[in-house]
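# A closer look at the structure
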Amino acid sequence: MTEQPKAVALISGGLDSMLAARVVQEQGVHVEGINFFTGFCVEGHTHAIRADKRAEERQGSGNNALWVAERLGIPLHIEDVVEEYKEVLTNPRHGYGANLNPCLDCKVFMVRKAREWMEAHGFDFIVTGEVVGQRPKSQRAKYLPVVSAESEAEDRLLRPLSARRLEPTLPERMGWVDRERLHGFHGRSRKPQMALAERLGIETWAQPAGGCCFLTDASYSAKLADLWRARGAKNYDLDDIMLLKVGRHLRPRPHLKLIIAREEGETRFLEGYRRRYPHLRTVSCGGPIALLDGTLEEGDLALAARLVARFSAGRNAESVELEAAEPDGAPQRLSVTPLAPQAVPAEWYIG
Amino acid sequence: MARTSLDCRNLLCPMPVIRVQAAVAKLAAGDELAVYATDPGALQDIPAWCRVHGHAVLSSEERDGEVYLLVRVGGGASA
Ligand code: SF4
């Protein structure tokens, strides 16, 4: 090939995928990034909820993938895969990880999408930041071969950080990249990545613990499992999964859940959902807004109001006045005694 | 040169960026896109996306809880 080879790199916003892209870029390959928005990504929308300090400090986008793309100087294509991802999450062939994270199916899905993009745009190969032996023991041996095979990327999938421990891929055999200048990292230690980042002059930053998305988070997964249980089906829309990231979630009745704001940013965020959910807010004292998700049976509204009052500034008062409103109805006032802390069973808390 | 507008109100990041990406893909170099959003993150993310793709942000402002950006499509990088 006389033309400059072209690679599409999966950019998660983490350090490994950034290093992998940089390593092939350094060998003269034209690299463009691709990032998939599943709805569960850790970043992104969060600045709508609370001030994004990191974005302010490091100046630039609060979106990690965009921030990385700017540092690498590459175009980044962000793909909305919210709908397609539902099948991956609700029906993973290879099952879940420690929480509701379908990591292997997720990687297969993303590499397959990247392969389709590669083919549609006349690119030559795909780059990921995967490292041999990085995954939990039970999945270790099969992980990388399954991703290559099931995504049908086969030997057009290059893992520059571990390539020297793997069979030579097409880009290596064709001489598009020099295998000698790729790496042989393995295992869960982060030291080789840190050293490489330093050598390449890439500043490192705190990585979100666990993984690139909320599904690795135990509390988040518990809330998602609760949502599916209450619905009797594994379905969701984008609003559902956004709301699982916000507020305190309590289920005092099998058919009723409350989402109670914990601070001002969350209050503002939940206010945006007043047209979709019945809600409660305190009026006689400062307090949070709460969305009611489910059905209201006899006595439920009063119970919900007492629960919200328990989290208001009037928690020790004799009575607290609240306003309850249906999504499109006029607010109705009610006065209740806040629930005592011991009257809120631990099982009501989700996650 | 044409000017189109794009309503990204009530969408959370990165959806406004994704919408801008799709809109720009249909425009020609020199065209302008006026973007209206409510997520303040769009004020950082849309300019960052424009920088990596070679498009220009001619103006951006936040007023009364709304974000407005005017993007001019560049000729170089593809969307
Ligand atoms: S952590 Fe989330 S985004 Fe990352 S591979 Fe696992 S499921 Fe996919």
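So, a few notes on the structure that sits alongside this text. In this numbering scheme, every chain counts its residues from 1 along its sequence in written order. For this description, chains carry letters from A and ligands carry numbers from 1, given in the order in which they are written. Where local features are concerned, this predicted model is filtered to residues with pLDDT of at least 70; where side-chain atom pairs are given and counted, the filter is 80 or more; whole-chain, interface and lining totals use all residues. As a rule here, side-chain values cover all heavy atoms of the structure and leave hydrogens and water aside.

### Thoughts on the overall build of chain B
As a reminder of what qualifies: Comment: elements are numbered from the N terminus, with helices defined as DSSP H or I runs of at least four residues and strands as E runs of at least two. Classification of residues uses two cut-offs on accessible area relative to the type maximum, computed with a 1.4 Å probe and protein chains only: under 20% is buried, over 50% is exposed, and between them is partly exposed. Only heavy atoms matter for contacts: two residues are in contact if any of them lie within 4.5 Å across the pair. Every accessible area reported is derived by Shrake-Rupley at a probe size of 1.4 Å, with residue values counting cover from the shown protein chains alone. Positive charge is attributed to Lys and Arg, negative charge to Asp and Glu, and no charge count is given to His or to the chain ends. Where a charge lies is defined by one atom per residue type: Lys uses NZ, Arg uses CZ, Asp uses CG and Glu uses CD.
On a plain count of helices and strands, chain B comes out with two helices and four strands. Its helices and strands taken in sequence order, chain B reads β-α-β-α-β-β from the N to the C terminus. When burial is assessed residue by residue, chain B has 49% of its 79 residues classed as buried. Summarising the internal contacts of chain B: among those between residues at least 6 apart in sequence, 67% fall at separations of at least 24. About 3500 Å² of surface is accessible on chain B, with carbon and sulfur atoms providing 47% of the total. Counting 7 positive and 9 negative side-chain charges, chain B places the centres of these two groups 6 Å from one another.

### Here's the deal with the packing of aromatic side chains
Residue and element names in this part refer to chain A. Going by this rule: In this scheme Phe, Tyr and Trp rings, the latter by its six-membered ring, pair at centre separations within 6.5 Å, and the angle between planes marks the pair as stacked below 30 degrees, edge-to-face above 60, and tilted otherwise. We call a charge positioned above a ring when the Lys NZ or Arg CZ atom is no farther than 6 Å from the ring centre and deviates by at most 35 degrees from the ring normal.
A full pass over the atoms with the stated rule returns nine aromatic pairs over all chains. Considering the side-chain rings of Phe 40 and Tyr 85, the 6.2 Å spacing of their centres and the 50° angle between planes classify their relative orientation as tilted. Note that Phe 40 is positioned in the loop between strand E2 (30-37) and helix H2 (46-49) and Tyr 85 in helix H5 (residues 82-90), a separation of 45 residues in sequence. You'll find Phe 40 and Tyr 85 in the same group, each marked buried. Ring geometry for Phe 40 against Tyr 220: centres 6.0 Å apart, planes inclined by 85°, an arrangement best described as edge-to-face. Highlighted residues: Phe 40 in the loop between E2 and H2 and Tyr 220 in helix H10 (residues 218-231), separated in sequence by 180 residues. Since its relative accessible area comes to 1%, Tyr 220 is described here as buried. Aromatic rings pair up to connect Phe 40, Tyr 85, Phe 109, Phe 214, Tyr 220 and Tyr 236 into one cluster. For Lys 86, the ring lying beneath its charged end belongs to Tyr 236, and the centroid distance is 5.5 Å.

### Re the environment of Leu 33 of chain B
All names here are of chain B. Mapped onto the elements, Leu 33 comes out in strand E2 (residues 32-37). Judged by its relative accessible area of 1%, Leu 33 is buried. Sequence separation between Leu 33 and Arg 51 is 18 residues; the distance between their C-alpha atoms is 15 Å. Not counting the four nearest positions on each side in its chain, Leu 33 is found in contact with Thr 4, Leu 6, Val 20, Ala 23, Val 24, Leu 27, Leu 69, Leu 70 and Val 71.

### Observations concerning the interface of chain B and chain A
Filter applied, for reference: When two parts are brought into contact, each loses some accessible area as probed by a 1.4 Å sphere; the total of that loss over both is the buried area. For this analysis, a salt bridge means a side-chain nitrogen from Lys or Arg found within 4 Å of a carboxyl oxygen belonging to Asp or Glu. Polar here means any residue other than Ala, Val, Leu, Ile, Met, Phe, Trp, Tyr, Cys and Pro, which are nonpolar, and Asp, Glu, Lys and Arg, which are charged; Gly is therefore polar.
In this assembly, 19 residues from chain B lie in contact with 22 residues from chain A. Summing the contributions of chain B and of chain A, the shared interface buries around 1600 Å²; its carbon and sulfur component is 66%. Ranking the residues of chain B by area buried against chain A places Leu 12, Pro 14 and Val 52 of chain B at the top, with a combined share of 30%. Where chain B packs against chain A, one counts one salt bridge. One salt bridge in this structure joins Glu 70 of chain A and Arg 51 of chain B, with 2.6 Å as the shortest N-O distance. Residue composition of the side of chain B that touches chain A, by class: eleven nonpolar, five polar and three charged.

On their own, these measurements won't tell you what the molecule is for.
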